[in-house]
Structures are given as structure tokens and as C-alpha cells.
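Residue-level structural notes
These are the residues of each chain, in order.
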Amino acid sequence: MRHREFEALAAERPPAVVLQASYANGLGVTRNLGRAGVPVLSLDPNPRALGFASRYTVCSVCPDPGADPDGFIDYLAAVGRRLPQRGVLFPTHDEYIWPVARHAEQLSRWFRVPFSGWETMRRLYDKEEQLRAAWSAGVDTPLTVFVRSADDLAKGAERIPFPAIFKPVESLAFKTRFKRPVLTIESPSELEDVYAKAADCGVLMLQEIVPGGDEELYTVGSALDAMSRPLAVFTGRKIRQHPRTFGTARLAESVWIDELADAGLRLLRELGYHGVSQVEFKRDPRDGRFKLMEVNARHWLWHSLAPACGVNLTMASYADAIGAPFVTPRQRDGRKWVLTLKETVDSLREIRRGEQSVGPWLRSLVGVGTDGVMALDDPRPGFVNTVQMAKRVLARGTGLRTAARPEREEIEL
């Protein structure tokens, strides 16, 4: 999309502003809106962000909200002042949604903010609050101990079986230190060693590992109005993820489960939530119950499967924000979503290591109709992603680092 075309469309219809366009999450939001004729502006600190290559958006490079949150908010306000009319904000990652939620009142002069205010978002930011809300709503969770002291740690080591998960209530400092959001702890002695390094990262959580593979991870995706009433609801599950332990989806499918949808919506009502979210569960094969993993107050990586099944969560949220009617049908089951490059590379490695077989792998791909990056109506992001991956493979052999720059027209502010 060209800048002049965007301005003309944005004068007629409220534009959407997608915050972070680096990969499939933001790209999916852009396509969900652009295919419906909504003018889209994508912001990202990375000038090579994959979503900048989409034909459905114009783009602008913004400050990194993690490194410069005040600069990011100031930049966003400057964007809002330049828009022909109030836009609708769609933060697609945690680094963006928290500062936007904190400054929602200020930003509401220029934008419609289609999700909860900070009082509710604060409870979602805090994983302890998430779990306590789940307990109040009667939603199952893994066995969990909150660790605030060495005494709590000792009690947790007695109650939680090993190996166990050790993670923070608020993840930034922990993730920065350990380069991952969750650690697997094999023994009480290892737990003590890790705690010595993480004790200053705030409240921590020692949690049982719910058994089962990738295929036991289920999602409730929804768009709720300001009264926490569902506008659109989707349920599905991962089939495989990257990496296999605590990873992100590389192959997923739609499957409607009433019990699952009810648990997710019950928790969101307890939180008083408004907006698009993902509530992730793991089905415990020991008792068949769905146990809460986490709530993401935003779109998630494979959300583009939902509109492929008839449930466009993004458009439901957009329509609600601008006061327009929008009807979402019940989802079609059996559709699958894939990251083709990641799925192919990972599966070939797993086949070579004897971790899966060719026949079952090929059969698992039956029903795939949506790729998180590649699309016939928007081919450039898929091409750029393929080139980037090829260059990374070559760079491993040569020691060089290269990246493809997507073609784009950037808005100057």
C-alpha cells in the first residue's frame, strides 16, 4: 500500500495501527484487517520487520518500547496527531501492550484502545493474579507454590514433584538474566542454585509440569466487549511446536471444545477483561482436565487460523471499537495452520534423529490451508522470509550475517 492510498482510505474509514510487525503475529493482524478493506499502519523498531513487506500496510520505524518506553509513547502520540481520524490500536506483543495500557487515557485523544484499562491489565501482567483469578473462577491450574523467600522455596520443594518449572510472576528481569521465560528444574539442589541467582527477580513460581506432548496444548482465543461479553470465540490446539519444550506453534489445528471455551471465558469474566486474548491450557492426560498455562492479553502467534475457520477476532475487535455491527459464525473444525519453513526444517531434523516418521508426518499435514507467513494474495513476506532463512543457513557456513530488506514505503513523521 502506498502512503497516499493509506491517507485517502484513512479519511473514509478509521485506520488500524499494528504495533510490532516482526513476524506472523503482527502480519496476521495486518492481513485480517487489510483483507476487509481497513487501512493499516504498522510500527516496528526494526526497519527490516517482516510485516513491512505486506501489501496491506504502510509502515514506520518507531522507538523500541522496551528500551525507550517514553519515547515510544511520544512517537505513538505523534502518529495519532497525523492520522486523518482516530485510529484503532492493535499491540501484538507484551512489550507494546503494557505501555499502551498504562497510557491509554492519554492515547485515547488520538486512538481507540480496544482492550481493558490498566487496572485490569495489571492483573494480567502479574501471573500470580492470573492464577488467583483462575482459582476464584473454578478454572483448573497446575500445582503451584509462590516463592518470596527461602522458606517458601523449601516448602515448594516438598510439595512440587521434580522435574518442575521455575518462572517469574513478572518476567522481564528473569528473562533478561536467563535468556528464557521458564526454567526446568531437575532436583531440589538445582532449585537452590537457581534461586540464589534469581532471588532478586521478584516473586517466583515453582510449578508442576503437566505431562503430555505438544498436542495437549489447547487455546481459547476470543474477542470480548467492554462488559466481557464474547463477540467471537475460537478454540484450537497445537500439534507441534518449536522447540518441542516450552516453544511456539509450528503446526496447529482448529477444534471446538465447549468445556474449553467455557473455562477460558469464565476466567476472562472473572478478570473483567475486554479485547482480544489467548487463554492457553494443557490437557492433563492423568485426569483429562484442562489446566491453565497462561493468559496473553493480545493476539498470539497462530491466531490467523481463526479467520480461516470463519472467526475473525481482529475484525470483531475493530468493529466493536468503532461501534459497527459484526457477526461471527461458529468456527469450522479440522482446518490447520503451519509455519512451512520452520515445520519442514524441524521435522526433517526429527526424522533424521528417529523422533518421528515420514508417513505420520505427511499425514499430519492433511488439512493445512493457512501459513503464518506465506499467502498467495500477499506473497512478498513469504518471499522475504524464505530469503532470510536461506541467508541464515548460508551464513552459518561462512560466518557472515545477512538479512533481506523488505521493499516498503515508510511514512515520515
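Model, not experiment: these values are computed from the prediction.

Some remarks on the overall build of the protein chain
The helix and strand inventory of the protein chain stands at 16 helices and 16 strands. Across its three principal axes, the protein chain shows a C-alpha extent of roughly 65 × 50 × 45 Å. With 413 residues in all, the protein chain has 53% of them scored as buried. Of the contacts formed within the protein chain by residues at least 6 apart in sequence, a portion of 67% connects residues at least 24 apart. Working note: accessible area of the protein chain is about 18300 Å², and carbon and sulfur atoms make up 51% of it. Looking at the protein chain, you have 56 positive and 52 negative side-chain charges, and the mean spots of the two groups are 5 Å apart.

Considerations on the sheet that holds strand β11 (residues 230-242)
Spatially, β14-β13-β10-β11-β12-β15-β16 is the arrangement adopted by the 7 strands of the open sheet, whose pairing is mixed. Unpaired on one side and paired on the other, β14 (290-296) and β16 (368-371) mark the two borders of the sheet. Across this sheet, the average inter-strand angle for adjacent strands is 30°, counted without regard to direction. In terms of strand pairing, strand β13 (residues 275-283) meets β14 through 6 bridges, oriented antiparallel. By the bridge assignment, Q278 is partnered in β14 with N296.

Describing the pattern of salt bridges
The tally for this structure, following the rule as stated, stands at 26 salt bridges. Taking the shortest distance from any N to any O, the salt bridge between R148 and E128 comes out at 2.6 Å. Taken together, the positions of R148 in the loop between β6 (144-147) and α8 (150-159) and E128 in helix α7 (residues 127-137) put the pair 20 residues apart, joining distant regions of the chain. Taking the relative accessible area as the measure of exposure, R148 reaches 48% and is therefore partly exposed. The partner of E216 in a salt bridge is R283, with the nearest N and O atoms 2.9 Å apart.

About the thresholds
Residues numbered from 1 in each chain as written. Predicted model: local features only at pLDDT ≥ 70, side-chain atom pairs only at ≥ 80, totals over all residues. Heavy atoms only, no water. Helix = DSSP H or I, 4+ residues; strand = E, 2+ residues; numbered from the N terminus. Buried < 20%, exposed > 50% of the residue type's maximum accessible area, 1.4 Å probe, protein only. Contact = heavy atoms within 4.5 Å. Areas by Shrake-Rupley, 256 points an atom, 1.4 Å probe, with all protein chains shown as cover. Lys, Arg positive; Asp, Glu negative; His and termini not counted. Charge placed at Lys NZ, Arg CZ, Asp CG, Glu CD. Pairing = 2+ DSSP bridges. Axes fitted to C-alpha atoms, helices over the stretch in contact; angles between N-to-C directions. Salt bridge = Lys/Arg side-chain N within 4 Å of Asp/Glu carboxyl O.

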